[in-house]
Amino acid sequence: MAFVVLDNCIKCKYTDCVAVCPVDAFFEGPNFLAIDPAICIDCALCEPECSANAIVQEEKVPAAQQGFIQLNAELAQLWPNIREVKAAPTDADKWNGIPDKLAYLET
Ligand code: SF4
Ligand code: F3S
């Protein structure tokens, strides 16, 4: 079992999640972070840190976002590891809460 980054991270990418992960399970793309399920130890520390509420345990992923389980696993293999918080996009707050941002995902 692992935690999964969902749609609302796209274009928000606050990165507060990476500061608390004890195993450095986050990988960084241009406007989204992915968790490697092979590294995640299911500790739940990152979930409350995300002000976009974009992280949930795999078994709690909503039906409409089931594709993000596989997407996290795949993107984590492509992207570099991220261990330190960095500035969010300047318009992150504007995008926080806007549904169905998958079309904006940059890989
Ligand atoms: Fe890291 Fe724990 Fe979040 Fe998994 S649940 S990504 S181990 S902080
Ligand atoms: Fe994304 Fe939330 Fe982390 S917006 S980068 S999952 S703090």
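About the cut-offs
- Residues numbered from 1 in each chain as written.
- Chains lettered and ligands numbered in written order.
- Predicted model: local features only at pLDDT ≥ 70, side-chain atom pairs only at ≥ 80, totals over all residues.
- Heavy atoms only, no water.
- Core = buried A, V, L, I, M, F, W, Y, C linked by side-chain atoms within 4.5 Å.
- Buried < 20%, exposed > 50% of the residue type's maximum accessible area, 1.4 Å probe, protein only.
- Helix = DSSP H or I, 4+ residues; strand = E, 2+ residues; numbered from the N terminus.
- Contact = heavy atoms within 4.5 Å.
- Near = heavy atom within 4 Å.
- Nonpolar A, V, L, I, M, F, W, Y, C, P; charged D, E, K, R; others polar.

Colleague: Explanation requested: the nonpolar core in the structure shown.
Modeller: Inside soluble globular proteins, nonpolar side chains tend to come together where they are buried. The biggest cluster of nonpolar side chains holds 36 residues, and the ones touching the most others in it are Phe26, Phe32, Ile35 and Ile55. Of all the secondary-structure elements, those providing two or more residues to this core are strand 1 (3-5), strand 2 (26-28), strand 3 (33-35), strand 4 (55-57), helix 1 (67-78) and helix 2 (92-95). Leave out the neighbours within four places in its chain, and Phe26 touches Val5, Cys17, Val18, Cys21, Leu33, Ala34, Ile35, Cys46, Ile55, Pro80, Asn81 and Ile82.

Colleague: Just to check I follow, could you spell out the site of ligand 1 for this structure?
Modeller: Surrounding ligand 1, one finds Phe3, Cys21, Pro22, Val23, Ala25, Phe26, Ile35, Cys40, Ile41, Cys43, Ala44 and Cys46. Classifying every residue of the shell around ligand 1 by side-chain character gives 12 nonpolar, no polar and no charged.

Colleague: Would you mind showing me how to read the site of ligand 2 here?
Modeller: Around ligand 2 lies a shell formed by Val5, Cys9, Lys13, Tyr14, Thr15, Asp16, Cys17, Leu33, Cys50, Ala52 and Ile55. Of the residues that constitute the shell around ligand 2, the class distribution is eight nonpolar, one polar and two charged.

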